[in-house]
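Each chain is listed here by its residues.
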Amino acid sequence: GPPSSHRQGQPGPQGPPTAPRLLPRAAPLFAKMLLGLGMGPVGTVLAARLGDAHGGRRRAGHGWLSAARRMHRRLRRSAQLAG
């Protein structure tokens with residue numbers, strides 16, 4: 001491999017430093033954002049087709065799912081801080 005003195009962002013014997021590629025890093029985040037934005041209208045359409053009883057069960061399920069997501073994020077964050 002390259003010598004230890006040649007790291008990304010530092011000039012090496014070949015010339016100026018190379019910039020990190022943005023698209024490979026941004027593409028998954030952009031896809032996740034689009035998926036999240038698309039789920040709102042889908043949920044609205046599905047809720048409009050359901051009756052009140054179905055809507056109440058869906059809302060309760062969504063509350064539990066949201067709580068599980070928050071707990072997962074907190075556990076992941078605490079694991080990152082610990083290790």
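Check the entry above for the structure.
Here we summarise the structure given alongside this text. Small disclaimer: the values here were computed from a predicted structure and weren't measured. (Residues numbered from 1 in each chain as written. Predicted model: local features only at pLDDT ≥ 70, side-chain atom pairs only at ≥ 80, totals over all residues. Heavy atoms only, no water.)

### Concerning the overall build of the protein chain
The helix and strand tally for the protein chain stands at two helices and zero strands. Counting across all 83 residues of the protein chain, residues that qualify as buried make up 2%. (Helix = DSSP H or I, 4+ residues; strand = E, 2+ residues; numbered from the N terminus. Buried < 20%, exposed > 50% of the residue type's maximum accessible area, 1.4 Å probe, protein only.)

### Regarding the layout of surface pockets
In this structure, the largest pocket spans a volume of roughly 350 Å³. Contributing to the lining of the largest pocket are Lys32, Met39, Gly40, Gly43, Arg58, His62, Leu65, Arg69, His72, Arg73 and Arg76. Mapped onto the lining of the largest pocket, the elements with two or more residues apiece are α1 (23-49) and α2 (52-82). No other element matches the seven residues that α2 contributes to the lining of the largest pocket. (1 Å grid on protein atoms, 1.4 Å probe; cavity = no way out; pocket = protein on both sides within 12 Å on 5 of 7 lines; lining within 4 Å. Points joined across faces, edges and corners; volume = space filled by probe spheres on them.)

### Digging into a nonpolar patch on the surface
On the surface, a cluster of nonpolar side chains totalling about 420 Å² of accessible area is made up of Phe30, Met33, Leu34 and Leu37. Tracing the backbone shows phenylalanine 30 in helix α1. (Patch = residues over 30% accessible without salt bridge, like charges linked within 9 Å, V, L, I, M, F, W, Y side chains within 5 Å. Areas by Shrake-Rupley, 256 points an atom, 1.4 Å probe, with all protein chains shown as cover. Salt bridge = Lys/Arg side-chain N within 4 Å of Asp/Glu carboxyl O.)

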